Amino acid sequence: MSTTTGPLAIASEGAVQVWTINLPHLGNAITDQDFITAFEGAVDAANSDTGVRAVILTGAGKIFSAGGNVKDMANREGMFGLEAIEQRYAYVDGIQRLPRALARLEVPIIAAVNGAAVGAGCDLATMCDIRIASERASFAESFVQIGLVPGDGGTWFLQRAIGYERAAEMTLTGDRIDATTAHAWGLVSRVVAHEDLMSAAMELAERIVKNPPHALRMAKRLLQESRTGLLESTLAMAAAMQPLAHRDAEHERRIAQWRSV
């Protein structure tokens, strides 16, 4: 296993990469420029490496991510000290780069939520394709409780995960929900014992990476486009992608295996 460190630690295990938000002393804040730049770099590197077939995203220490750097907010430091007009562009050039990066990530990404996912941390989890939660995990769309709104696209992602009414409840109260409630609401696909979280995420990732890499990337793109696209546009994209898949040598090999069974 190879590992790189920094605000986003990256470990590779075969075709699976594990990305760890590595800022526990800052509550794994994801608003700092160093983290955002590292995250974008990880996305672009994964896209260009066909040997990467799946990613697991988790947090160092006891929490997944507390979202924004609350200390900087309180002290009006960094982007939080800018005038309103400048701060608008700071959001575009800052935290909003994360959903854009994940929108272009070609491989499946699993959020292994090991603890609290609060504010932008909750939103980051909803940007992932699949979410697995530790029994110690919790989720809060907490912006309104400190007089803010989701500035990172959370209102777009959250309601697509759990529906408008439950997203409205979380967004307008800011209340925290536990892992059991998150599972019941469809925010996570499963809840596991805390000590089993990473092994469960890895087991799922390994089931994914057994499949041909090009088909995986195209299937993910179709899923993403289908969230908002019209049926006709989705059908057109599928019709364009499928002939490419038919001509892939891996498809021919897999078909030969099926015929021999």
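Computed from a predicted model, the values in this text were never measured in an experiment. (Residues numbered from 1 in each chain as written. Predicted model: local features only at pLDDT ≥ 70, side-chain atom pairs only at ≥ 80, totals over all residues. Heavy atoms only, no water.)

**Details of the overall build of the chain**
Then comes step 1: Within the chain, the regular secondary structure consists of 12 helices and 10 strands.
Then comes step 2: Projecting the C-alpha coordinates of the chain onto the three principal axes gives extents of approximately 65 × 40 × 35 Å.
Then comes step 3: The 261 residues of the chain split such that 47% are buried.
Then comes step 4: Considering only contacts in the chain between residues 6 or more positions apart, those separated by 24 or more positions represent 69%.
Then comes step 5: Accessible surface computed for the chain: about 13,200 Å², of which carbon and sulfur atoms make up 55%. (Helix = DSSP H or I, 4+ residues; strand = E, 2+ residues; numbered from the N terminus. Buried < 20%, exposed > 50% of the residue type's maximum accessible area, 1.4 Å probe, protein only. Contact = heavy atoms within 4.5 Å. Areas by Shrake-Rupley, 256 points an atom, 1.4 Å probe, with all protein chains shown as cover.)

**Side note on the sheet that holds strand β6 (residues 116–118)**
Then comes step 1: Pairing in this open sheet of three strands is mixed, and the strands run β6-β8-β9 from one edge to the other. Each edge of the open sheet carries a strand with a single partner, namely β6 and β9 (176–178). Across the sheet, the mean angle from the axis of one strand to that of its neighbour is 15 degrees, orientation sign disregarded.
Then comes step 2: Pairing of β6 with strand β8 (residues 138–140) involves three bridges; the strand directions are parallel. In the strand pairing of β8, Ala 116 is matched with Ser 138. (Pairing = 2+ DSSP bridges. Axes fitted to C-alpha atoms, helices over the stretch in contact; angles between N-to-C directions.)

**Here's the deal with the pairing of strand β5 (residues 109–113)**
Then comes step 1: When you tally the buried positions in β5, you get five out of five residues, the bulk of the element.
Then comes step 2: Residues of β5 alternate between two faces, with Ile 109, Ala 111 and Val 113 on one and Ile 110 and Ala 112 on the opposite face, all of them buried.
Then comes step 3: When strand β4 (residues 54–59) meets β5, the two strands line up parallel, connected through three bridges. Counterpart to Leu 57 in the pairing with β5 is Ala 111.
Then comes step 4: Both β5 and strand β7 (residues 130–134) contribute to a ladder of four bridges, which runs parallel. Residue pairing in the sheet places Ala 111 in a bridge with Arg 131 of β7.

**Topic: the domain arrangement of the chain**
Then comes step 1: With domains assigned, the chain is organised as domain 1 (3–210) and domain 2 (213–258).
Then comes step 2: Just the C-alpha atoms count here: the centres of domain 1 and domain 2 sit 27 Å apart.
Then comes step 3: Here domain 1 packs against domain 2, burying approximately 1,200 Å² in sum over the two surfaces, 45% of which is carbon and sulfur.
Then comes step 4: A salt bridge links Lys 220 to Asp 129; the nearest nitrogen and oxygen atoms lie 2.9 Å apart.
Then comes step 5: In this assembly, domain 1 and domain 2 are joined by 10 residue pairs in polar contact (both at pLDDT 80 or more).
Then comes step 6: Elements with a contribution of two residues or more to the side of domain 1 that touches domain 2: α1 (33–48), α4 (97–104), α6 (154–162) and α9 (197–209). (Domains from an automatic or database assignment. Buried area = accessible area lost by both parts, 1.4 Å probe. Salt bridge = Lys/Arg side-chain N within 4 Å of Asp/Glu carboxyl O. Polar contact = N/O pair within 3.5 Å; in protein donor to acceptor, adjacent residues only side chain to side chain.)

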